[in-house]
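The primary structure of each chain is shown beneath.
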Amino acid sequence: MIKHTLTQLVHTALGTAQQVGDLPEFDLPVISVERPKDNKLGDYATPVALGLARFARMNPIKIADIITKHMGKPDFLAEISVARPGFINFRLTTDWLTQQVSRIIQAGDDFGKINIGQNKRVQVEFISANPTGPLQFGSGRNAIIGDVLANVFSAVGYDIQREYYMNDTGNQTLLFAQTLRSRYAKSLGKEDRFPFPKDGYPGDYLIEMGQKLADNVGTAYLDLADNESIATFQQEGLNYMVSHLKNEVATMNIHFDNWFSERSLYDDGTYQKIYQYLQEHDQLVKKDGAVWLKGNEDDENYVLVRSDGRPTYLASDIAYMYNKLVTRNFEKAIYILGADHHGYMSRLGTVAQILGLDEERVVIVMYQLVSLERDGKQVRMGKRSEFVPLSKVIEEIGVDATRFMLLTRSSDSQMTLDLSLAVQESSENPVYYVQYGHARIASIFRKAEAEGVSMKNADLSLLTNPSELDLIRHTLRLEEVLEYIALTLSPNHLTTYAQELATVFHRFYHDCRVISDDLALSAARLSLVKATQITLANTLRLMGMSTPEQM
RNA sequence: GCCUCGAUGGCUCAAUGGAUAGAGCAACAGCCUUCUAAGCUGUGGGUUGCAGGUUCGAGUCCUGCUCGAGGUGCCA
């Protein structure tokens, strides 16, 4: 990446300047190379001299001059200039820029990939909603953030595993099984046998599920022994829900590598193992008949085992983390959590400490909740209030628009979706603007083929129009954007980038006719258009969206 | 009470401690005989919630305050 090359050059120049005594001794700082807001200033810039003024006790302009003096003039740079109050600006040569077009075309689907991950194994766990019902719209945000982050981490060189953690044990599962049993009995006309449980799940899907079960097994499950009964309905319900969830996420272009069972942590001895570990490390306290985790701070006590002997979800979380980071030995475990789980954050850190794990291996991406409105009035979401299924929103506005909308905002910002406006807003969704760019390009190539114009043996040096060069600059940013997203865990930048790239392309399309009588120029421009298409397509794919050939 | 997050143009939002705070929508004015007008060009619109502080430089970091969302269970 050219940005890294520049960083390295500045770094070296600073070292040299110190060696020859042009600059006093100080620890070399982290050098930031950025894109200036105004591209008239240059393609890249560094404010490093500004930050050094204090340590060097020199005027930043003077420092900048010294740095540039020792940088020499690499052949990919047309100009290195110093601007007040001490920026160093770099301008790339047109030649270097235009050559990038062929690099992009050669890389094809791989363009944008970089290797900062060094193939380290990283797990992204996301959604992980209780398998007790269809996904709610709020889970969509979790889904998109997790899926796109996983895409980006793959692209920057990590070996990524996507995992869905199924809470298939505990209170909610029990209630779910009881509800299913009651629905099943009812569809056989035996509701008196198993009345609807208190706080049971009201959703219609359970009525359907009960009916299906009755169709499949008849009355066989009515007279199971007490200890078998609930377990059976749990298992049936879980199987049904998981296949349902798989289909549901598949409609959003999401595919998990693994569906991890919480219960398996108890069945395979992981829980017993960590319990023993915690006991040996004096982390457990018995109080009021329950077992508490001491934690590292006073007053940070959490219950691990209830007074009735059943472990809490915290027990599972500890065992699960152990499983991720020790048993399966992932370099890092990324958790995508909604703000309603933010209590987890400190807890997971505590858990890592207790297990003697480097806390940096636990990465938490927290996003603010999505609230829903209808005609400007808030719609309460929750298990027992109005339920807005994700699938319904997707049905109404489409996967691409849904994904894009959920991805645009930064994770930290709360977002509101007005259901009555969703359809209307989706029609002006910027995703279409981006996809239109891709479709336009496809159209250009259809035309080129029809007219026998090809991009073979293109002389890229013919690309000199500012719109053309600007387009090249923007395609090259993809690598930087991906690195930035991986570093900051902020996948929303992909949407901004996609829109900017589309804007620059549409402007180019307006300014420069691609297919013309000038065959040499046509070939060069077709190459540029190809490179743009590759970049747009890769960006859309990273966001999990389609790349239409026509619109 | 304590903890987390937010407040940026009429609306929805962006912005690596850097240069003149940017997009889209909405409003207004232009551009199709030409590869897709789901496009392009232009205009207006801002004391970045309030008050301090740190810094050469703050929308961004720190402190206090106001308003909003969420958390603070032997629920997950």
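Quick notes on the rules
Residues numbered from 1 in each chain as written. Chains lettered and ligands numbered in written order. Predicted model: local features only at pLDDT ≥ 70, side-chain atom pairs only at ≥ 80, totals over all residues. Heavy atoms only, no water. Helix = DSSP H or I, 4+ residues; strand = E, 2+ residues; numbered from the N terminus. Buried < 20%, exposed > 50% of the residue type's maximum accessible area, 1.4 Å probe, protein only. Contact = heavy atoms within 4.5 Å. Areas by Shrake-Rupley, 256 points an atom, 1.4 Å probe, with all protein chains shown as cover. Lys, Arg positive; Asp, Glu negative; His and termini not counted. Charge placed at Lys NZ, Arg CZ, Asp CG, Glu CD. Expected span 1.5 Å × (residues − 1). Near = heavy atom within 4 Å. Polar contact = N/O pair within 3.5 Å; in protein donor to acceptor, adjacent residues only side chain to side chain. Nonpolar A, V, L, I, M, F, W, Y, C, P; charged D, E, K, R; others polar. Pairing = 2+ DSSP bridges. Core = buried A, V, L, I, M, F, W, Y, C linked by side-chain atoms within 4.5 Å.

*Asks:* Mind showing me how you'd approach the overall build of chain A here?
*Replies:* Helix and strand content of chain A: 19 helices and 14 strands. The C-alpha extent of chain A, read off along each of the three principal axes, is 85 × 65 × 40 Å. The burial tally for chain A puts 53% of its 551 residues in the buried class. For chain A, the proportion of contacts with a sequence separation of at least 24, taken over those separated by at least 6, is 74%. Accessible surface for chain A amounts to roughly 25,600 Å². Of this, 48% is attributable to carbon and sulfur atoms. Charged side chains in chain A number 56 positive and 69 negative. The centres of these two groups are separated by 2 Å.

*Asks:* I would appreciate a short explanation of helix H19 (residues 519-542) in the present structure.
*Replies:* Since one α-helical turn is 3.6 residues long, residues separated by three or four positions face the same way. Along its 24 residues, H19 runs 34 Å from first to last C-alpha, staying within 8% of the 34 Å computed at 1.5 Å per residue. Following H19 by one or two positions, glycine 544 adopts a phi angle in the positive range, close to 75°.

*Asks:* Help me out: how do you make sense of the protein's contact with RNA strand B in this one?
*Replies:* Contacts to RNA strand B come from 63 residues, most closely from Phe87, Tyr313, Tyr436, Arg440 and Ser443. The sugar-phosphate portion of RNA strand B accounts for 63% of its atoms within 4 Å of the protein, the bases making up the rest. One of the backbone N or O atoms of valine 514 is found 3.0 Å from a base nitrogen in RNA strand B. In this structure, methionine 551 approaches RNA strand B through a main-chain N or O atom, which is 3.0 Å from a base oxygen. Mapped onto the surface near RNA strand B, the elements with two or more residues apiece are helix H2 (48-56), strand E3 (87-92), helix H6 (171-187), strand E14 (415-418), helix H16 (430-451) and helix H18 (493-511). Considering only residue class, the surface near RNA strand B consists of 23 nonpolar, 22 polar and 18 charged.

*Asks:* How should the pairing of strand E2 (residues 77-83) be read in this particular structure?
*Replies:* Each regular strand displays side chains that alternate between the two surfaces of the sheet. By the bridge criterion, six bridges tie E2 to E3 in an arrangement that is antiparallel. Bridge assignment links alanine 83 to a residue of E3, and that residue is phenylalanine 87. Counting the residues in the hairpin turn of E2 and E3 gives three residues, including glycine 86, whose phi is positive at 155°.

*Asks:* Explanation requested: the nonpolar core in the structure shown.
*Replies:* A general trend in soluble globular proteins is that nonpolar side chains are found buried together. Grouped together as the largest cluster of nonpolar side chains are 140 residues, with contacts concentrated most on Ile67, Phe137, Ile336 and Leu494. Looking at this core, the element that brings in the most residues is helix H5 (residues 137-155), giving ten residues. Non-local contacts of phenylalanine 137, meaning those with residues more than four positions away in its chain, are made with Val370, Leu372, Val388, Pro389, Leu390, Val393, Thr402, Met405, Leu406 and Leu417. By size, the runner-up hydrophobic cluster in this structure holds 33 residues, among which are Leu265, Ile318, Tyr344 and Leu355.

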